[in-house]
Amino acid sequence: MTTARPVPRWADVVAHIIPFTVLPSGIWRIALGLGVPMGFGNGSELTDFPHPIGTPYVFSLSILAELFALLAIGLVRPWGEVFPRWFPLIAGRRVPVSFAVGAASLGAAAVTYLSVDTAFVWDEAMALPGSPDGFAETVMTAAYAPCLAWGPLLAVVTVHYYRRRTARPAPSLADAAAPVR
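This one's a predicted model, so the numbers in the text were calculated from it and none came from an experiment. (Residues numbered from 1 in each chain as written. Predicted model: local features only at pLDDT ≥ 70, side-chain atom pairs only at ≥ 80, totals over all residues. Heavy atoms only, no water.)

1. Examining the overall build of the chain
- When you go through the chain residue by residue, the secondary structure sums to seven helices and zero strands.
- Put simply, the chain runs from its N terminus to its C terminus through helices and strands in the order α-α-α-α-α-α-α.
- Each of the 181 residues in the chain was classed as buried or not, and the buried ones make up 35%.
- Long-range contacts, defined as pairs at least 24 residues apart, comprise 73% of the intrachain contacts of the chain with a sequence gap of at least 6. (Helix = DSSP H or I, 4+ residues; strand = E, 2+ residues; numbered from the N terminus. Buried < 20%, exposed > 50% of the residue type's maximum accessible area, 1.4 Å probe, protein only. Contact = heavy atoms within 4.5 Å.)

2. Here's the deal with the confidence of the model for the chain
- Averaged over all residues, the pLDDT of the chain is 85; the fraction at 70 or higher stands at 77%.
- Mean pLDDT across the secondary structure elements of the chain bottoms out at helix H7 (residues 173–177), with 60, and peaks at helix H6 (residues 147–166), with 96. (pLDDT = per-residue confidence, 0-100.)

3. With respect to the nonpolar core
- Counting 22 residues, the largest nonpolar core has Ile18, Leu75, Trp150, Leu154, Val157 and Tyr161 as the members making the most contacts within it.
- Those elements that place two or more of their residues in this core are helix H1 (9–33), helix H2 (54–70), helix H3 (97–120) and H6.
- The element that contributes the greatest number of residues to this core is H3, accounting for six residues.
- Look past the residues within four positions of Val157 in its chain and what remains in contact with it is Ala11, Val14, Ala15, Ile18, Ala72, Leu75 and Val76.
- In terms of nonpolar packing, the next biggest core, distinct from the first, is built from seven residues, Ala31, Met38, Trp122 and Ala143 among them. (Core = buried A, V, L, I, M, F, W, Y, C linked by side-chain atoms within 4.5 Å.)

4. Quick notes on the packing of aromatic side chains
- In the structure shown here, the tally under the stated rule is three aromatic pairs.
- Centre to centre, the rings of Trp28 and Tyr144 are 5.7 Å apart; their planes meet at 75 degrees, and the pair counts as edge-to-face. Highlighted residues: Trp28 in helix H1 and Tyr144 in helix H5 (residues 135–144), separated in sequence by 116 residues.
- A ring pair is formed by Trp86 and Phe87, whose centres lie 4.7 Å apart and whose planes are at 45 degrees; its orientation type is tilted.
- When its relative accessible area of 28% is taken as the criterion, Phe87 is described as partly exposed.
- A network of ring pairs unites the aromatic residues Phe83, Trp86 and Phe87 as a single cluster. (Phe/Tyr/Trp six-rings, centres within 6.5 Å; stacked < 30°, edge-to-face > 60°.)

5. Here we look at the pattern of salt bridges
- Inspection of every chain in the model, using the stated rule, returns two salt bridges.
- In this structure, Asp12 engages Arg77 in a salt bridge whose closest nitrogen and oxygen atoms are separated by 3.1 Å. One end of the pair, Asp12, is in helix H1; the other, Arg77, is in the loop between H2 and H3, and 65 residues separate them in sequence.
- Classification of Asp12 by relative accessible area gives buried; the value is 18%.
- Residue Arg77 is classed as partly exposed on the basis of its relative accessible area, which comes to 28%. (Salt bridge = Lys/Arg side-chain N within 4 Å of Asp/Glu carboxyl O.)

6. Structural notes on H1
- With 25 residues, H1 should reach 36 Å at 1.5 Å per residue; the first-to-last C-alpha distance of 37 Å fits that figure.
- Considering bend angle alone, the principal kink of H1 is centred on Leu23 and spans about 30 degrees; proline Pro24 follows within four residues of it.
- In the segment just after H1, Gly35 is the residue with positive phi, at about 100 degrees. (Expected span 1.5 Å × (residues − 1). Bend = angle between axes of the 7 residues up to and from the residue.)

Written out as structure tokens, the structure is:
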């Protein structure tokens, strides 16, 4: 099955970049969850890993963020237009444009807000006792900085999805040659 209208290469590339904006922070969190100190010193609650509650939390957060980021690919793939066969009760039905655009728009707004809000308090967080400094702070910043692109990239792909799914089909050559009555 192919999409109703062709997806331009740029939209496909942008949708596939989105999961990579989340991956570095997920890897950073998983390393922390496995007990790698990641530059945090004594006095920080982040030195208590592996932790019976914290470790599953950071693993789950990393996996969930990556799964949400992967959903952006649905905006350029057929499964974003027609529900796949394995969806009970709605398999084979068209995905309502308002549902996909609404969910993606809310997601884009939420991750933009969260990532920008975090970026504004980054200096304050790095001043707390036990926070990393020097190379460790640079690594942590490099791991989280790509998340700033997640929301805007998702918004761009969402607008493209909306326009592609709601655009009227272009007239064919046969329509252009037909006499007007």
